[in-house]
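For reference, the chains in residue letters:
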Amino acid sequence: MQRICVMGLGYIGLPSASLLAANGYQVHGVDVNHAVVDALNSGDVLIYEPSLDVMVKSAVSSGRLTSAVEPAKADIFILAVPTPFHEGHLPNIKYVEAASRTIAPYLEAGNLVILESTSPVGTTEKVCAWIKEERQDLLVPGTAGNNGGEQLYVAYCPERVLPGRILMELVSNDRVVGGVDMASTAKAVAFYRSFVEGEVCATNARTAELVKLTENSFRDVNIAFANELSLICDELNINVWETIALANRHPRVNILQPGPGVGGHCIAVDPWFIVSSVPNTARLIRTAREVNDYKPQVVMDMVKTKLGSFTAPVLACLGLSFKANIDDLRESPALYIVETLARENVAQMLVVEPYVTELPASLQDRSNVQKRDLKDALDMADVILLLVDHNEFKQVDKSQLLGKVVVDTRGIYN
Ligand code: SAJ
């Protein structure tokens, strides 16, 4: 039975580890966070993703998934650690470096190392260099001083799954696999073909790295177009939702939806990895980021104008997560807007977020902020700010909005 060591048990590492265990691999998951490891060893999961808890429980109880804070010897090592950015939008790959150096003592000739974390172009080559620094005795592709014998294989294969559909998309999506040399590509392609139903496409590591960044930058640029259009429509006093719906009737036009800004840990981050590599060339990609990052300010200005006509206004804020029907608050423009308005004390604020049991710490101690259920908040509000298009909010009866001022950033009440 082939052994796999997965470094990082977050939104990608953990679903991948449990899926691989279900596919007959012996999987050892590693996380620096003791709480994550302890929870897993008792079959518990600390993040929410549909069906993940069931899959993890079955993998742990079958003995095919173990976890610890230290790696173990394996045939395949998968690095699925975070790649955030530093101040100034510069990529921070220190967790990839730490994971590469941590696995180095466990590596043997013939092993395959796969980087799955979204990374700037050239990172997989750096993984090779870091491993070589730790293990002069290993034949590492792309590094000098190799002394013959069987080599290590190193490849990049980005994850491209959508939160909320991760387990399904890990199997059904096509994958792009790029090795640092052809032997590594071939070995990694064979591995993904063992459990992926989509097509597994072979390329080199640098292309695979750029493909991932390109996908999310493409989406960011397209959302920026919709967000800019919403500003244009506001200025011209035209309904943006109607404009988009009508323009999309053209057979070759498919405009995305404007919103309060772009959130999540991917689309709001990854385009900067391209900009930081080629700052003078990636002008459209940079501008799209700026347009999307500016949108929360526009929403806040609009809300403050509406609140201005009330003496002691009550503001209902619907949604905190970064997108519909999930509990993920990372880089959420909705959360940023609510936090900023609360700090500026613009109104008595009633926050509705059906996907979290408690308000985040940044809002908990504020005397002007309370968590409420949807009906109460709608009844009590003077102004309603719709930030996330959760299904619960879409089902609101329009009669509940009568007499209220509504700022709808997602176009569900128009
Ligand atoms: N958004 C809009 N308007 C739209 C679509 C999205 O404002 O028309 C906003 C959302 O509200 C959210 C943000 O964009 O704040 C991002 O949401 P998303 O659904 O576009 O994407 P993510 O971040 O959940 O997942 C993306 C996916 N990438 C692409 O679709 C190209 C996913 O496939 C990737 O695996 C994931 O990033 C990742 O991990 O990189």
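Basis of the calculations
Residues numbered from 1 in each chain as written. Predicted model: local features only at pLDDT ≥ 70, side-chain atom pairs only at ≥ 80, totals over all residues. Heavy atoms only, no water. Helix = DSSP H or I, 4+ residues; strand = E, 2+ residues; numbered from the N terminus. Rg over C-alpha atoms; globule rule 2.2 N^0.38 Å. Buried < 20%, exposed > 50% of the residue type's maximum accessible area, 1.4 Å probe, protein only. Contact = heavy atoms within 4.5 Å. Areas by Shrake-Rupley, 256 points an atom, 1.4 Å probe, with all protein chains shown as cover. Lys, Arg positive; Asp, Glu negative; His and termini not counted. Charge placed at Lys NZ, Arg CZ, Asp CG, Glu CD. Near = heavy atom within 4 Å. Polar contact = N/O pair within 3.5 Å; in protein donor to acceptor, adjacent residues only side chain to side chain. Nonpolar A, V, L, I, M, F, W, Y, C, P; charged D, E, K, R; others polar. Domains from an automatic or database assignment. Core = buried A, V, L, I, M, F, W, Y, C linked by side-chain atoms within 4.5 Å. Axes fitted to C-alpha atoms, helices over the stretch in contact; angles between N-to-C directions. Parallel < 35°, antiparallel > 145°, perpendicular 65-115°, else oblique. Left-handed = near helix turned anticlockwise from the far one by under 90°. Pairing = 2+ DSSP bridges. Right-handed = clockwise from strand over helix to strand, strands pointing away. Salt bridge = Lys/Arg side-chain N within 4 Å of Asp/Glu carboxyl O.

(A) Examining the overall build of the chain more closely. Looking only at helices and strands, one finds 15 helices and 13 strands in the chain. For the chain, the C-alpha radius of gyration of 24 Å lies close to 22 Å, the compact-globule estimate for 414 residues. On the principal axes, the C-alpha backbone points of the chain span a range of 80 × 50 × 40 Å. Counting only residues that meet the buried cut, the chain has 52% of its 414 residues in that class. Contacts in the chain between residues far apart in sequence, at least 24 positions, make up 69% of those at least 6 positions apart. Carbon and sulfur atoms provide 52% of the accessible area of the chain, an area that totals close to 18700 Å². Here the chain holds 36 positive side-chain charges and 49 negative ones, and the gap between their average locations is 3 Å.

(B) Region of interest: the site of the ligand. Around the ligand there are 20 residues in total, and V161, K212, N216, R219 and Q257 lie nearest to it. One nitrogen or oxygen atom from the main chain of F322 is found 2.7 Å from an oxygen atom belonging to the ligand. In this structure, K323 approaches the ligand through a side-chain N or O atom, which is 2.8 Å from an oxygen atom. Notes on the ligand: free accessible area 770 Å², of which the protein chains cover 88%. Here the shell around the ligand is built from residues that sort into 9 nonpolar, 3 polar and 8 charged. Built from parts of two domains, the shell around the ligand gets at least three residues from each of domain 1 (75-213) and domain 2 (308-414).

(C) Quick look at the nonpolar core. Counting residues in each nonpolar core, the largest one holds 41 residues, and the members touching the most others are I4, L20, V27, F191 and Y192. Excluding residues that lie within four positions of it along the chain, L20 makes contacts with I4, Y25, V27, I78, F191 and F195. Counting 27 residues, the second-largest nonpolar core is a separate cluster that includes C317, V338, A342 and V346.

(D) Examining the packing of helix α10 (residues 270-277) against helix α11 (residues 283-307) more closely. Packing of α10 against α11 leaves a shortest axis separation of 9 Å and a crossing angle of 140°. For the element pair α10 / α11, the angle class is oblique. In terms of crossing hand, the pair formed by α10 and α11 is left-handed. Where α10 approaches α11, its residues P271, W272, I274 and V275 are matched on the opposing element by I285, R286, R289 and D293. A per-class count over the contact of α10 with α11 returns 5 nonpolar, no polar and 3 charged.

(E) Representation of the pairing of strand β8 (residues 200-204) within the structure. Direction of pairing for strand β7 (residues 175-179) relative to β8: parallel, over a ladder of 5 bridges. By the bridge assignment, V177 is partnered in β8 with A202. Traced from β7 through helix α7 (residues 182-193) to β8, the parallel crossover comes out right-handed.

(F) Representation of the pattern of salt bridges. Under the counting rule described, the total for this entry stands at 18 salt bridges. Among the salt bridges present, the one from K212 reaches E159, with a minimum N-O distance of 3.4 Å. Separated by 53 residues along the polypeptide, K212 in helix α8 (residues 205-236) and E159 in the loop between β6 (153-156) and α6 (166-172) bring together distant segments of the chain. Take K212 and E159: they sit in the same class, and that class is buried. A single network of salt bridges, built from pairs that share partners, joins E97, R101, E133 and E134.

(G) The arrangement of the environment of H89 in detail. Within the element layout of this structure, H89 appears in the loop between β4 (76-79) and α4 (94-103). Apart from residues no more than four positions distant in its own chain, H89 is found in contact with W272 and S276.

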